[in-house]
4 protein chains.
Amino acid sequence: MKSNLRTPGRPKRKEQEPSVQETVLFKASMLFMELGYEAVSLQQIAKACGVTKASIYYYYKGKPELFTAALTAVMRRASERTAALLEEDMPLRERLILVSETKLGRQHADFETIMREARSSLSEEQLDDIRRAEEGIHEIIAGHLARSIEQGEIRQTDPLLTAYALSAVLMVGNREIAKGKTAEKLAREIVDLFWHGLEK
Amino acid sequence: MKSNLRTPGRPKRKEQEPSVQETVLFKASMLFMELGYEAVSLQQIAKACGVTKASIYYYYKGKPELFTAALTAVMRRASERTAALLEEDMPLRERLILVSETKLGRQHADFETIMREARSSLSEEQLDDIRRAEEGIHEIIAGHLARSIEQGEIRQTDPLLTAYALSAVLMVGNREIAKGKTAEKLAREIVDLFWHGLEK
Amino acid sequence: MKSNLRTPGRPKRKEQEPSVQETVLFKASMLFMELGYEAVSLQQIAKACGVTKASIYYYYKGKPELFTAALTAVMRRASERTAALLEEDMPLRERLILVSETKLGRQHADFETIMREARSSLSEEQLDDIRRAEEGIHEIIAGHLARSIEQGEIRQTDPLLTAYALSAVLMVGNREIAKGKTAEKLAREIVDLFWHGLEK
Amino acid sequence: MKSNLRTPGRPKRKEQEPSVQETVLFKASMLFMELGYEAVSLQQIAKACGVTKASIYYYYKGKPELFTAALTAVMRRASERTAALLEEDMPLRERLILVSETKLGRQHADFETIMREARSSLSEEQLDDIRRAEEGIHEIIAGHLARSIEQGEIRQTDPLLTAYALSAVLMVGNREIAKGKTAEKLAREIVDLFWHGLEK
DNA sequence: TATGAATGAGTCTTCATTCAT
DNA sequence: CATGAATGAAGACTCATTCAT
C-alpha cells in the first residue's frame, strides 16, 4: 500500500533546487499564514512538500517549533522588504503607499488572531520569538514616521501606534470591499484616508 | 470529585437560571472569539457550561452549526450596541470615540482571520450567514459616516471603506502597546489619529 | 428549537388510525428487516413514525425488546400467510409456487445473518423467542411436505431440511439475476428446479 | 496489565510472522463475516490483532475501505478454492458434494443481507467491487454446470440460477437442524435433494 | 399518554509524535 | 538523510437510555 516510489537514503541534490528544509519552511509558512495553526496538519505540510512527516521531524523538533520558525521567517522577510521600500528616495506619503501596496498584494492574516489560536501550544519563549520578529516591522515603520515628525513633515503623533494602525487598516485588503480594486488604487485610498483624516 | 455528575433525564428547572441553550451559545461565543475555531473543542465548551458534549448536540447539529450560531449572535449583539451608541446626541467624533472605547474594551479577534481558519469546515451557506451578520456593523457605521458627509461635517471619503478601516484599527487594542492605557484614552488617541490624519 | 407542533398529552385517537404502538411495531419491522439491527437507530424509527424516541420507550423497554417484538410479529404474520396458502385446494407443487411467489415479492433478509448481528445485544430468551417464531414457518411447510410424502405424492426426503432449503433458495430473489423477472415466473422456475432436480 | 502496551516507532520485525496488514485483513474478514458491518468496531478488530486502531488507519483509509478489502479478499479466496475443487476428476455430483462440504464447514453469512446492512456506509464503487468479487464464485459454479448440461450429464436448467440456488441452500448449515450432523453427511443430503428433486 | 432535556458510553477518525532501519 | 510503521491522546459525533413533567 501507500505506493512508494521514493527510495530511502539521501536523494541526489540537483543544484539550485531548494533543500528539503527550505521547502518545508516555505510551504509551512504559506499554510500557517493562510489557515492558522491548528487547521494545518504536519501531514498536509509534508504532502505539499513531497516528503514524509518523519522528514519534517528530522529538521524541526515538532509542530510548535516549525510554526515558530515559519512565522519568524515570514516576519523577517517582510521586515526586510518593508525596510528596503522605506529607504527609497521619495516623499513619505509615496513610500507609505508603496509599502501598503505590497502588503495588500499578499493576503495577510491578523497576527494576534493567529497567535491567540496557537498560544496554548507554544512555549513562552516561542511566543516571544515570533512576537519580537513581528514587532520588527512596526518598529521600522515607526522609525521612519518618527524621523518625519522630527523633520516637521507630518503632524506629531505616537509613531508606534500609528505604525500599528496603518498596518491594521491594510487588512481591509482581505475584505469583500477590496475585491474590485487593484492593490495600487486601494493602497492609495487607504493612505489618503490616513493622511488627511476625516476632519474637513 | 464525582459529585458534579448529572444523572440523565430532565433536570428540575430553577427559575431565572439561563437555559442550557443560552449558556452554550454564550460560552461558545466567548471561546470561539478568543481562540478561534479549531482550537476550541466541544468538550471544552461543554465543560465551561457544566453540561456534556451530548447536550450540545441536542441543541446544535454540530460544531459548524454552533460556530455559526455563536458568531452571528455575537455580531448581532455588537451591531445593536453600535447602533445604539451612534444614535446618541453628540458630535460624530465623540460618538466614534464611544464606539471605539466599547470595542477596545472587549478583546476581539480579526474576523477574516478567524473565518479563514474555519472556512474549510463550514458550508457555503454558513459562511455567508456569518459574513452577512458581520457586515451589518460596518454598514451601520458607514451609514452614520455617510450622513455626516452629506451634512458637511466631515471630509468626503468612501464611508464603507472608512468604517472598515476604523474597525480594523481598533484591533490595536490587542497589542502590547495598548496594555498600559485605559480603553478611554486609547480610543481617544485612535479616533484622533483618524480624525486629523498625518498631514500637518 | 426543534420546532414542536405537537402538544403533549394524549392526542384524540381517530378511529381506524393505527395506534402509536402498532405504528412503531410496523415501521420497526420494516426497518430491521431491511437494514439489520445495528444499522437501525431508535431515532430513525421514531422519526419514521412521527413520534419521539421517548415514546418508543413508553411502549418497549429498549431496543432489544422492540427488535424481538418486531421480528416475532413479522414471523407470525408470515406463518399465518404461509399456512393459509398451503391449505388451498391445489396440487402441492402449485401451492409451493404460490408460497414462493409471495415470499419473493417481499424483499427478505437472511434470518440467521440478521440474528448473528443482533446476537450480542439480545438476551438468550429473546433470541429464543425470535427463533421459535421463525421456525414456525418451516414447520408448517415441513408438515405439508410430510403429509405429501406419506401420501406418496413426492419422494421421501427429510421434510424439515427440505423446507429450510426451499426457504433459503428463495433468497435468490434479492439477487441481480432475479431483477428482470416477475415474481411469478421466478417462483415457478425455482420450484421446478426443486421439483425435478438436476438428474436427467 | 499495562504490560502489552507497545511503544510507538517501528517494531523489530521478526521473520515469518505475518505482517500487520495481513493480520488486520484476516481478522477483519472473520469478524465482518461473522457479525456484519455495524456490529464490528475497529476497536474490536484492532484488539483482535494486537495493534491499535490508529495502525489500522495506517493501512486502510477507513472502515468502509477495510470492509471492502476484507470481503473481496474472502470472496476471492473462496472462488479459488471452489474453482480448484471443481477441477477435480470426479463426477459432477461428487464435486458438488465436495464444494458443499467445504462451504458448510465455514460458517457463512448471507451475502446480500450483510451488504444491505453496510450499504449506507459504502460508496457505490465499493459496493460494486464486493459484489463483483462475490459473483465470481457463482460464475465458476455456473460454468461447470453449463458444461455438464452441454455434455448431457444433467438436465437443462439455468446454470447461474442453479448456482445461486445451491449456494443459498448451503446456508442451512447455520441452522439448528444442521447441528447434529457432520458437514459431509449434510452436504451429501443437500446435494441429493438438489440432484433428485422432489418428484417421485 | 407522550415528550423535552439530558446523559454516559462508545464510534470513527485525525493528529502529533516516536523509533528502528 | 529520510522513511515506514506504529502509537496514545484527543476530537467530533451518535446512540440507547433515563427521568421530570
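Residues numbered from 1 in each chain as written. Chains lettered and ligands numbered in written order. Predicted model: local features only at pLDDT ≥ 70, side-chain atom pairs only at ≥ 80, totals over all residues. Heavy atoms only, no water.

Q: Could you clarify how one ought to interpret the side chain of Ser148(A) in this entry?
A: Residue and element names in this part refer to chain A. Following the sequence through the fold, Ser148 ends up in helix H7 (residues 124-150). Taking the relative accessible area as the measure of exposure, Ser148 reaches 2% and is therefore buried. Aside from chain neighbours lying at most four places away, what touches Ser148 is Leu92, Glu153 and Ile154. (Helix = DSSP H or I, 4+ residues; strand = E, 2+ residues; numbered from the N terminus. Buried < 20%, exposed > 50% of the residue type's maximum accessible area, 1.4 Å probe, protein only. Contact = heavy atoms within 4.5 Å.)

Q: How should a nonpolar patch on the surface be read in this particular structure?
A: A cluster of nonpolar side chains, namely Val20(A), Tyr58(A) and Tyr59(A), defines an oily patch on the protein surface of about 320 Å² accessible area. For Val20(A), the location among the structural elements is in helix H1 (residues 20-35). (Patch = residues over 30% accessible without salt bridge, like charges linked within 9 Å, V, L, I, M, F, W, Y side chains within 5 Å. Areas by Shrake-Rupley, 256 points an atom, 1.4 Å probe, with all protein chains shown as cover. Salt bridge = Lys/Arg side-chain N within 4 Å of Asp/Glu carboxyl O.)

Q: I'm lost on the interface of chain D and chain C in this one. Help?
A: Frequently, the measure chosen for interface size is the accessible area removed from exposure when the parts meet. Each partner contributes to the interface: chain D provides 49 residues, whereas chain C provides 49 residues. The partner of Glu134(D) in a salt bridge is Arg175(C), with the nearest N and O atoms 2.7 Å apart. For the interface between chain D and chain C, the tally reads 17 residue pairs in polar contact (both at pLDDT 80 or more). Elements with a contribution of two residues or more to the side of chain D that touches chain C: helix H1 (20-35), helix H6 (111-118), helix H7 (124-150), helix H8 (159-169) and helix H9 (183-196) of chain D. (Polar contact = N/O pair within 3.5 Å; in protein donor to acceptor, adjacent residues only side chain to side chain.)

Q: Is there a simple way to explain helix H5 (residues 92-105) of chain C in this structure?
A: One turn of the α-helix equals 3.6 residues, which is why residues spaced by three or four share an orientation. An ideal rise of 1.5 Å per residue puts 20 Å on 14 residues; H5(C) measures up with 20 Å between its terminal C-alpha atoms. Where H5(C) is concerned, the buried positions are Leu92(C), Arg95(C), Leu96(C), Ile97(C), Val99(C), Ser100(C), Lys103(C) and Leu104(C). (Expected span 1.5 Å × (residues − 1).)

Q: Please explain the nonpolar core as it appears in this structure.
A: Across soluble globular proteins, nonpolar side chains have a tendency to be buried as a group. By size, the foremost hydrophobic cluster in this structure holds 125 residues, and its most contacted members are Ile45(A) and Ile45(B). If near-sequence neighbours (up to four positions away) are discounted, Ile45(A) is found in contact with Val24(A), Ala28(A), Leu31(A), Phe32(A), Val40(A), Ile56(A) and Leu66(A). If you look at the next biggest cluster of nonpolar residues, it comprises 124 residues, including Leu31(C), Leu86(C), Ile149(C) and Leu86(D). (Core = buried A, V, L, I, M, F, W, Y, C linked by side-chain atoms within 4.5 Å.)

Q: Could you clarify how one ought to interpret the UniProt feature "DNA-binding region" (unreviewed entry) in chain A in this entry?
A: Here the UniProt feature "DNA-binding region" (unreviewed entry) sits at residues 41-60 of chain A. Helix makes up 75% of residues 41-60 of chain A and strand 0%, and the two end C-alpha atoms of the span are 14 Å apart. (UniProt positions renumbered as here; feature names shortened; annotations may be inferred.)

Q: I would appreciate a short explanation of the relation of the copies chain A and chain B in the present structure.
A: Look at the two chain copies: a rotation about an axis and a shift along it is all it takes to match them. Superposing chain A onto chain B takes a rotation of 180 degrees plus a shift of 0.1 Å along the axis, which leaves an RMSD of 0.2 Å. Here the transformation between the copies is reduced to the relation of a two-fold axis. The rotation axis passes nearest to the C-alpha of Gly197(A) in chain A, at a distance of 1.8 Å. The overlap is high: 100% of the interface residues of chain A also sit at the interface in chain B, so the same surface is used on both sides. (Least-squares fit on C-alpha atoms with pLDDT ≥ 70 in both.)

Q: Honestly, the packing of aromatic side chains in this entry has me stumped. Any pointers?
A: For any pair of aromatic rings, geometry is given as the distance between the ring centres together with the angle between the planes. Under the counting rule described, the total for this entry stands at 18 aromatic pairs over all chains. Aromatic pair Tyr37(B) and Phe67(B): ring centres 4.8 Å apart, planes at 85 degrees, arrangement edge-to-face. Here Tyr37(B), found in the loop between helix H1 (20-35) and helix H2 (42-49), pairs with Phe67(B), found in helix H4 (residues 63-87); they are 30 residues apart in sequence, far enough to count as distant. Residue Tyr37(B) shares its accessibility class with Phe67(B), and that shared class is buried. Ring centres of Tyr58(D) and Tyr59(D) lie 5.0 Å apart, and the angle between their planes is 85 degrees; on these two criteria the pair is classed as edge-to-face. (Phe/Tyr/Trp six-rings, centres within 6.5 Å; stacked < 30°, edge-to-face > 60°.)

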